[in-house]
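Structure assessment
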Amino acid sequence: MIDPWSVLSFLRTCHVREESDEALLPLCAAAAAELDALLRADADAGDIRLLDAAAAAVYHRLCLRALESGQGVSVFKAGDVTVNLRTQDVLDAAARELERARAQATPLLRDDAFYFGQVTV
């Protein structure tokens, strides 16, 4: 079983968040439970690839929430330097990160997909 506290720790390490542990822990538990349901029987639940995938899923959800609520920094100015950052760009980057992390965790997950088709010649 993937430990939600480990997911939270990984999330804090890779994706700096201002939210409190109390706000993030339920999201970490949900992401861990989703991956737990897909784990192979011989997979190590403490594998860093699983923690990375769960943390990326939480980060993606947080970016979605920020986009939907209109939160997030869009323009930041410090002295003569101005940084423009669209929240959609942040969400796209989070989606790419989630896809990368899930791809790395694939060897630890069951492959339940099945395709049946007919080949005609």
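Residues numbered from 1 in each chain as written. Predicted model: local features only at pLDDT ≥ 70, side-chain atom pairs only at ≥ 80, totals over all residues. Heavy atoms only, no water.

Let's talk about the overall build of the chain
- Secondary structure assignment for the chain yields 4 helices and 2 strands.
- Element order for the chain, N to C, with α for helix and β for strand: α-α-α-β-β-α.
- Looking at the chain as a whole, 31% of its 121 residues qualify as buried.
- Intrachain contacts of the chain at a sequence separation of at least 6 include 70% that bridge at least 24 residues. (Helix = DSSP H or I, 4+ residues; strand = E, 2+ residues; numbered from the N terminus. Buried < 20%, exposed > 50% of the residue type's maximum accessible area, 1.4 Å probe, protein only. Contact = heavy atoms within 4.5 Å.)

Topic: the confidence of the model for the chain
- Averaged over all residues, the pLDDT of the chain is 86; the fraction at 70 or higher stands at 87%.
- Taken element by element, the predicted model of the chain shows its lowest mean pLDDT in strand S1 (residues 75-78) (61) and its highest in helix H2 (residues 21-36) (95). (pLDDT = per-residue confidence, 0-100.)

Focus on the side chain of His-60
- One can find His-60 in helix H3 (residues 48-69).
- Apart from the residues lying within four places of it in its own chain, the contact partners of His-60 are Leu-91, Ala-94, Ala-95 and Leu-98.

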